[in-house]
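# Descriptive structure summary
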Amino acid sequence: MQNFEQLRELLSSPKRIVITSHANPDGDALGSSLGLYHYLATKGHRLTVIMPTPMPSFLNWMPEYDKILVYDATMTISKQIIEKAEIIFSLDYNSLSRIDSMEGALRDAKGYKVMIDHHLDPDDFADAMLSDTTASSACELVYQFIDMLEDLDSLNAKALDSIFVGLLTDTGGFRYATSPRLFRIVADMLERGVNNNVLTDLVFNSYTTKRFKLLGYCIYECLELLKEANTGLIVLTQADYKRYNIQRGDLEGVVNFILRIRQIRCAAIITERRDIVKLSLRSKGDFSVQAICSKYFNGGGHLNASGGASRKSLRETVDLFKKVILEEYKEELTK
Ligand code: 5GP
Ligand code: MN
């Protein structure tokens, strides 16, 4: 880790610290933020967790979820807290463009900036940086960071549970992005008392009936297969959002189900938001959806899981996606 000793020294006495993560925070964003929060809280720091946009409600049981500030809803106070922070952590994102309206506040902030992240192509905005694209999750790196501080014994149940959530969600329950290092960490966490069964149940068996039926609708009514390119896509319109009262987090993970079809190597969900069209892509094997997202949809992420957005209409975005797949990637997807 770049500038680790400098950061260790800074953390050796109580500081005003802000912990941030990306817009539309997922399990890894929340897990890494709350995990680090609960760890640093044992050291007497003054801590605030700030997310750019609201959190998914299916994780509302996480310890101190209610204490997290949502920047968009608390702009004046959050801005002041960011201004006054001596240390600012950026977890699970590596570009200020991922934090929406919070970008300006972070850019202007005078505090010491720390990035802990596992996405490709990090921007250069942090003073200290732990960036590792081979890590399953930001949570894995938070754990590694605390290990580097030789302080794993300070992790309490709240910190351990929070960190475990990000390991679970970013690996789909230890099905992808796994490694020997991850499983060693998992083993260590289980020995420290983490209950995998309880947390897996809380994270994955947490659908409301409405959300479960929406998944059925997406698969049954909205799935389109580009069989000649081993690709599947689900498209949702604003009318779908209204008709099914789709809320934040309701579509989390839907795109992964497309990969359950044996032949499929690339999957997408394309959703018409109020002011933007959002794309969420997944792939199997060495096919890079990161390349597609960064080249065509102002986005990025990981080789097998990436996202992006488009200011074109839904129709034009879907057409562009299909065109790109069929004209540029068909061969790679069928070899
Ligand atoms: P999801 O599809 O679950 O929203 O995100 C998958 C991965 O892509 C995540 O690691 C996420 O951080 C990244 N990602 C999602 N949307 C964007 C985006 O608009 N821009 C960039 N750079 N990355 C994104
Ligand atoms: Mn992540």
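Residues numbered from 1 in each chain as written. Chains lettered and ligands numbered in written order. Predicted model: local features only at pLDDT ≥ 70, side-chain atom pairs only at ≥ 80, totals over all residues. Heavy atoms only, no water.

With that out of the way, let us pick up the overall build of the chain. Looking only at helices and strands, one finds 13 helices and 12 strands in the chain. Taking all 335 residues of the chain together, the buried fraction comes to 53%. Restricting the contact set of the chain to residue pairs at least 6 apart, pairs at least 24 apart contribute 65%. As displayed, the chain has an accessible area near 15500 Å², and 49% of this comes from carbon and sulfur atoms. (Helix = DSSP H or I, 4+ residues; strand = E, 2+ residues; numbered from the N terminus. Buried < 20%, exposed > 50% of the residue type's maximum accessible area, 1.4 Å probe, protein only. Contact = heavy atoms within 4.5 Å. Areas by Shrake-Rupley, 256 points an atom, 1.4 Å probe, with all protein chains shown as cover.)

Time to look at the domain arrangement of the chain. Entries for the chain in the domain assignment read domain 1 (4-204) and domain 2 (209-333). In this structure, domain 1 and domain 2 have C-alpha centres spaced 27 Å apart. If you look at the interface, domain 1 gives 13 residues, while domain 2 gives 10 residues. A combined buried area of about 920 Å² lies between domain 1 and domain 2, and 47% of that area is made up of carbon and sulfur atoms. By the criterion of area lost to domain 2, the three top residues of domain 1 are Asn24, Phe58 and Leu120, representing 38% of everything that side buries. Class assignment of the residues belonging to the side of domain 1 that touches domain 2 gives a composition of 6 nonpolar, 4 polar and 3 charged. (Domains from an automatic or database assignment. Buried area = accessible area lost by both parts, 1.4 Å probe. Nonpolar A, V, L, I, M, F, W, Y, C, P; charged D, E, K, R; others polar.)

This part covers the coordination of the manganese ion (ligand 2). For the manganese ion (ligand 2), the full set of protein donor atoms is Asp28 (OD), Asp92 (OD), His118 (NE2) and Asp170 (OD), and the range of their distances to it is 2.2 to 2.4 Å. Each donor residue of the manganese ion (ligand 2) lies on the same chain, and together they follow the pattern D-x63-D-x25-H-x51-D. Of the two residues, histidine 118 sits in the loop between β5 (112-117) and β6 (128-131) while aspartate 170 sits in helix α6 (residues 157-170), which places them 52 residues apart along the sequence. With respect to burial, histidine 118 and aspartate 170 carry one shared label: buried. (Donors = N, O, S within 2.8 Å, 3.2 Å for Na, K, Ca; no water.)

Surrounding ligand 1, one finds 13 residues, the nearest of these being Arg98, His119, Lys278, Ser280 and Arg282. The contact in question runs from an oxygen atom of ligand 1 to an N or O atom on the side chain of serine 280, over 2.3 Å. Protein burial of ligand 1: of its 490 Å² of free accessible surface, 78% is covered by the chains. Secondary structure elements with two or more residues in the shell around ligand 1: β10 (277-283), β11 (300-301) and β12 (305-310). By residue number, the principal contributor to the shell around ligand 1 is β12, which donates 4 residues. Of the residues assigned to the shell around ligand 1, the class counts are 1 nonpolar, 9 polar and 3 charged. (Near = heavy atom within 4 Å. Polar contact = N/O pair within 3.5 Å; in protein donor to acceptor, adjacent residues only side chain to side chain.)

With that settled, the discussion passes to unusual backbone geometry. Working note: non-glycine residues mostly have negative phi, and peptide bonds are mostly trans. Phi is positive for phenylalanine 174, close to 60 degrees, though the residue is something other than glycine. Summarising the element assignment, phenylalanine 174 is placed in the loop between α6 and α7 (180-191). Among the residues examined, phenylalanine 174 registers a relative accessible area of 18% and is labelled buried.

Before going further, it helps to examine the sheet that holds strand β4 (residues 87-91). On the basis of which strands lie adjacent, the open sheet formed by 6 strands has the order β3-β2-β1-β4-β5-β6 and parallel pairing. The strands lining the two open edges of the sheet, one partner per strand, are β3 (69-70) and β6. Pairing of strand β2 (residues 46-51) with β3, which is carried by 2 bridges, proceeds in the parallel orientation. Across the sheet, residue methionine 51 finds its bridge partner in β3, namely valine 70. Lying over the sheet, helix α3 (residues 75-84) contacts β1 (16-21), β2, β3 and β4, oriented at roughly 130 degrees with respect to β2. (Pairing = 2+ DSSP bridges. Axes fitted to C-alpha atoms, helices over the stretch in contact; angles between N-to-C directions.)

Here we come to the side chain of asparagine 256. By secondary structure assignment, the location of asparagine 256 is in helix α11 (residues 254-258). Ignoring sequence-local partners within four residues, the contact set of asparagine 256 consists of Tyr176 and Arg282.

We now examine the pattern of salt bridges. Tallying each qualifying case throughout the model produces 16 salt bridges. For aspartate 151, the salt bridge goes to lysine 43, with nearest N and O atoms at 2.8 Å. Remark: lysine 43 occurs in the loop between α2 (27-41) and β2 and aspartate 151 occurs in the loop between α5 (138-148) and α6; sequence separation between them is 108 residues. Judged by relative accessible area, aspartate 151 falls into the buried class, the value being 16%. A relative accessible area of 31% places lysine 43 in the partly exposed class. Residue aspartate 250 pairs with lysine 210 through a salt bridge whose shortest N-O separation is 3.1 Å. Remark: lysine 210 occurs in helix α9 (residues 209-221) and aspartate 250 occurs in the loop between α10 (238-243) and α11; sequence separation between them is 40 residues. In this structure aspartate 250 comes out as buried when scored by relative accessible area, which is 10%. Here the salt bridges share partners, and the residues they tie into one network are Glu5, Arg8 and Glu150. (Salt bridge = Lys/Arg side-chain N within 4 Å of Asp/Glu carboxyl O.)

Turning our eyes to something else, we now look at the nonpolar core. Residues Ile19, Phe89 and Phe145 are the most contacted members of the largest nonpolar core, which totals 54 residues. Counting 22 residues, the second-largest nonpolar core is a separate cluster that includes Ala268, Ile292, Val318 and Phe321. (Core = buried A, V, L, I, M, F, W, Y, C linked by side-chain atoms within 4.5 Å.)

Moving on, we come to the side chain of serine 136. Its location among the elements puts serine 136 in the loop between β6 and α5. The buried category is assigned to serine 136, whose relative accessible area is 3%. Polar contacts involving the side chain of serine 136 include one to the side chain of glutamate 140, which spans 2.6 Å. Not counting chain neighbours up to four residues away, the residues in contact with serine 136 comprise His118, Leu167, Asp170, Thr171, Ala177 and Leu182.

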